[in-house]
Amino acid sequence: MKLVWLSSAALAVALAPGALTPAALAQDDAGDREVITVEATKTELESFIYPGLTSSIDAEDLDLAQPVDLDDLLRAVPGVDVPGGPRRTGQTISLRGQGRDNTTLLMDGARQNFTSGHDGAIFVDPSLLVGVETVRGPASALYGSGASGGVVAFRTAGAHDLLDAGESWGFELGAGYRSVDEEQRGTATVYGVRGQLDALASLSFRDSGDIRLGSGADLPADDNSLSGLVKLGADLSVGVRAELSWQYFDGDTTEPNNGQGVAGVGAFNALVDKDIQSDNINMALDITPPSIRWLDMNVSIYRNETGVTEAETASTRLLRRDLETTGISADQRFAFDLGRYESALTIGGEYYEDTQDGGDSADANGIRGGAPDAEASFTAFYAQLEMQGPAPFGLPGEIVVLPGIRNDSFETASATSLAAENDATSARFGVTYAPISAFNMFVNWGEAFRAPSINELYIDGTHFSLPHIILGPPTFISNEFIANPNLMPEETETLEIGFSLDLADRIGVDQLTLRTSWFETDAENLIDLFVDFQFDPTCFAPPFFAPCSAGTTQSRNVGSAELSGYEGQINFANGPLSIDASWSAVDGEDAATGEALGSLTPNRIFVDARYDFGDHMLLGTRLQMAGDYDKPANTADHREAYTVIDLYGRFRPFDNGLTLNAGIENVFDEDYERVFAGVSEPGRSLRFDVSWRQNF
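Residues numbered from 1 in each chain as written. Predicted model: local features only at pLDDT ≥ 70, side-chain atom pairs only at ≥ 80, totals over all residues. Heavy atoms only, no water.

1. Focus: the overall build of the protein chain
Looking only at helices and strands, the protein chain has eight helices and 34 strands in total. On C-alpha atoms alone, the protein chain measures out to a radius of gyration of 26 Å, which is about the 26 Å that the 2.2 N^0.38 rule sets for 696 residues. With respect to the principal axes defined by its C-alpha atoms, the protein chain has extents near 90 × 55 × 50 Å. Every one of the 696 residues in the protein chain was classed for burial, and the buried ones make up 53%. Sequence-distant contacts, at least 24 apart, represent 65% of the contacts inside the protein chain between residues at least 6 apart. Charged side chains in the protein chain number 44 positive and 105 negative. The centres of these two groups are separated by 4 Å. (Helix = DSSP H or I, 4+ residues; strand = E, 2+ residues; numbered from the N terminus. Rg over C-alpha atoms; globule rule 2.2 N^0.38 Å. Buried < 20%, exposed > 50% of the residue type's maximum accessible area, 1.4 Å probe, protein only. Contact = heavy atoms within 4.5 Å. Lys, Arg positive; Asp, Glu negative; His and termini not counted. Charge placed at Lys NZ, Arg CZ, Asp CG, Glu CD.)

Take a look at the structure:
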């Protein structure tokens, strides 16, 4: 996993007449440092001097990690947490203390907007991925609502990712086993290039059972899934490429309705057969014809359909939540010289709409509590300017300036409540000063917002039911959701300060870079769910003890909060030895009461060290450490410190495409619990994966 810092040069490189090539730019400014493209930043930039922190997980990282879920995939990224527990269907995501609603998820550039209290965040088999990028901190100036925590962008494989020059087609077969939940998996992929056309088709399955926890208990989790990917590409002419992809996921699990934490099956958490289906169709155009030097455009048109159906095993009750997202986005980059500064302007627009449909067979009107039938649409325009050149005021070195602005207009509507309209403008301004090529400092300021979700605005139906406090069953009373179409958007303002240091040449190694930052976020108009749990006086009055209710639940804007934290990473490489280490922590509190607030994490350290013995063998170890978590006043929310060690290796015995991966996770069977997981993590696990790839 690489933490990458980006600058503004490469965009000007792509378009400006007579400008340096990216390779020459990297050599002039940074010696042997590589130029990394992070698509989530909406530009291509030299990796060392971007005013902010981003991370990139590449295909080699994925091959060594062999991730099975979202936590496996992202645990090495500083500032990122995956709450919800070990079950795949319960895992969600938070960035810098801000949860799923404040994190934008992209799949091949298409928004993934499905949100649910207990049913996960994104559905894709990790074996279909070749890269993951994160941009942490406020990204609303590029992505609008829901990006105040940052952006996580997933990229699926294409034929060109798996073929080398001169190869026309190939295939790959894979299988694996994990002992902690007796998971078995298999993958088959075929891909090829013919003339200007390329294609890939992949199919994978996973089948797992109960998860053995470090505590010694078993977490019920009967889980199997089938995933597919079809991707077609065409180079229509020089510099003009079209790509059409379909990513499919079908998951079947038997688990409690709330798949998070350790909550057992009971009256308010029924055992269900859960069916998860996700279809993502995306068409992308990349238009950069050399005959029109100013034209550098990207267009994406997509439609996502995600649905979760839950059938209670002890009854005929059926619950359903479906979300459809349709969108289009486009951006154009212009490069030019502004005096002594190489500059580039990116302008773009976006439109997307969400339509949700919920259902509950046990409700007389078919209404599912917390999943209203509603829709929302967003229209946005944005601009980002990049300038790089000599430092002003006679200072030595270079400076990068990166301002951006975006305006969003959004509308929401429901058949049962008044429609709501609003708009918001988000801005950011980043500056990097590099007095020498091996050291730089940056300051990054940004505004962000999150529009109230359709669930928060139009929440309706029953929250929970319980037996009448006097009459008992079969008489039940309910706590009902109440809509609030007057909710205001959440607003945040973030200041981030950091630096980057390259010591490779100083001590004579291949790579030694240190990158770190500190940030503080102020949030206002926070949206929270208020449960007013109280009984009507009539519940106690004979002769009928009715009408009787257990109160109401409603989303409301409340107060303000402050979040702060730090992140950092060291990357070392010399010959066959590589060591990557990251660290982070997030603290937060209610600005009025001082109580803990946010998806907070204690001091955390992650270290990945590996030794490459050549073409045939690589051995490595991973270390995860976390300090005590004692921020909340409620001691039940405290978590003890832990240290977890994994061992892994990769063996390629022959030069015939055969690869063997093996490892031991949680070697010492540590019983530990992460913050907001609500349950102990998996215990010791043996893993084995085998793959065979042949290219022709």
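Structure shown, so let's carry the discussion forward.
2. Focus on the packing of aromatic side chains
Scanning all chains against the criterion turns up 16 aromatic pairs. Aromatic ring contacts, followed pair by pair, group W169, F171, W692 and F696 into a single cluster. Across from the ring centre of Y648, 3.8 Å away, lies the NZ or CZ of R622, which sits over that ring. (Phe/Tyr/Trp six-rings, centres within 6.5 Å; stacked < 30°, edge-to-face > 60°. Lys NZ or Arg CZ within 6 Å of the ring centre and 35° of its normal.)

3. A closer look at the environment of R87
Tracing the backbone through its elements, the reader meets R87 in the loop between β3 (80-81) and β4 (94-95). When the C-alpha positions of R87 and G186 are compared, they lie 19 Å apart, and in sequence the two are 99 residues distant. Excluding anything up to four places from it in sequence, R87 contacts I211, L219, P220, A221, E255, P256, N258, G259, Q260 and G261. Among the polar contacts listed, one links the side chain of R87 to the backbone oxygen of P220, at a separation of 2.8 Å. (Polar contact = N/O pair within 3.5 Å; in protein donor to acceptor, adjacent residues only side chain to side chain.)

4. Notes on a negative patch on the surface
Side chains of E182, D207, D210, D218, D222, D252 and D273 sit close together on the surface and give a patch of like negative charge. Tracing the chain through its elements places E182 in the loop between β9 (169-178) and β10 (183-194). Residue class for E182 comes out exposed when judged on its relative accessible area of 56%. (Patch = residues over 30% accessible without salt bridge, like charges linked within 9 Å, V, L, I, M, F, W, Y side chains within 5 Å. Areas by Shrake-Rupley, 256 points an atom, 1.4 Å probe, with all protein chains shown as cover. Salt bridge = Lys/Arg side-chain N within 4 Å of Asp/Glu carboxyl O.)

5. What about the side chain of N113?
As for its placement among the helices and strands, N113 is situated in the loop between β6 (110-111) and β7 (129-136). There is a polar contact of 3.2 Å between the side chain of N113 and the side chain of D354. Filtering out sequence-adjacent residues up to four positions away, N113 remains in contact with R100, L323, T325, Y352 and D354.

6. Regarding the nonpolar core
Within the largest apolar cluster, 28 residues are counted, with the highest numbers of intra-cluster contacts made by L74, I93, L129, V132 and F154. At the level of secondary structure, the elements contributing two or more residues to this core comprise α4 (70-74), β5 (103-107), β7, β8 (150-156) and α6 (159-162). With residues near it in sequence (within four places) discarded, I93 still touches L70, L74, V80, D81, P83, Q98, G99, R100, T103, L105 and V152. Counting residues in hydrophobic clusters, the runner-up holds 16 residues, among them F378, A424, A451 and L457. (Core = buried A, V, L, I, M, F, W, Y, C linked by side-chain atoms within 4.5 Å.)

7. Describing unusual backbone geometry
Cis peptide bonds are those with omega within 30 degrees of zero, and the linkage from P473 to P474 qualifies with 10°. Within the element layout of this structure, P474 appears in the loop between β24 (462-467) and β25 (476-482). The peptide bond linking A546 to P547 adopts the cis configuration, its omega dihedral lying at 0°. Positionally, P547 belongs in the loop between β27 (511-532) and β28 (552-574). Of note in this structure, N525 is not a glycine but carries a positive phi near 55°. Here N525 lies in strand β27. Relative accessible area serves as the criterion here: at 28%, N525 is assigned to the partly exposed category. The phi dihedral of F676 falls on the positive side, at around 70°, and the residue is not glycine. Locating F676 in the fold gives a position in the loop between β33 (658-665) and β34 (685-695). Residue class for F676 comes out partly exposed when judged on its relative accessible area of 41%.

8. A word on the pattern of salt bridges
Counted by the stated rule, this structure contains 52 salt bridges. Ionic contacts of the salt-bridge type, sharing partners, join the residues D71, D72, R75, D81, R185, R604, D646, E665, R674, E681, R687 and D689 into one network.

9. Concerning the pairing of strand β17 (residues 297-312)
Pairing geometry for strand β16 (residues 271-287) and β17, over 16 bridges, is antiparallel. Residue Q277 lies in a different strand from β17, and its bridge partner there is G307. With antiparallel pairing between neighbouring strands as the criterion, β17 and strand β18 (residues 318-338) make up a hairpin whose turn holds five residues. (Pairing = 2+ DSSP bridges.)

10. Description of the pairing of strand β2 (residues 54-57)
Where burial is concerned, the two faces of β2 agree: the one with T54 and S56 and the one with S55 and I57 are both buried. Note that β2 and β7 share four bridges and pair antiparallel. Residue pairing across strands places S56 opposite E133, the latter belonging to β7.

11. Re a nonpolar patch on the surface
Judged by side-chain polarity, V230, L232, L244, W246, I281, M283, I301, I328 and Y351 come together as a nonpolar surface patch covering roughly 720 Å² of accessible area. Looking at where L232 falls in the secondary structure, it is placed in strand β14 (residues 222-237).

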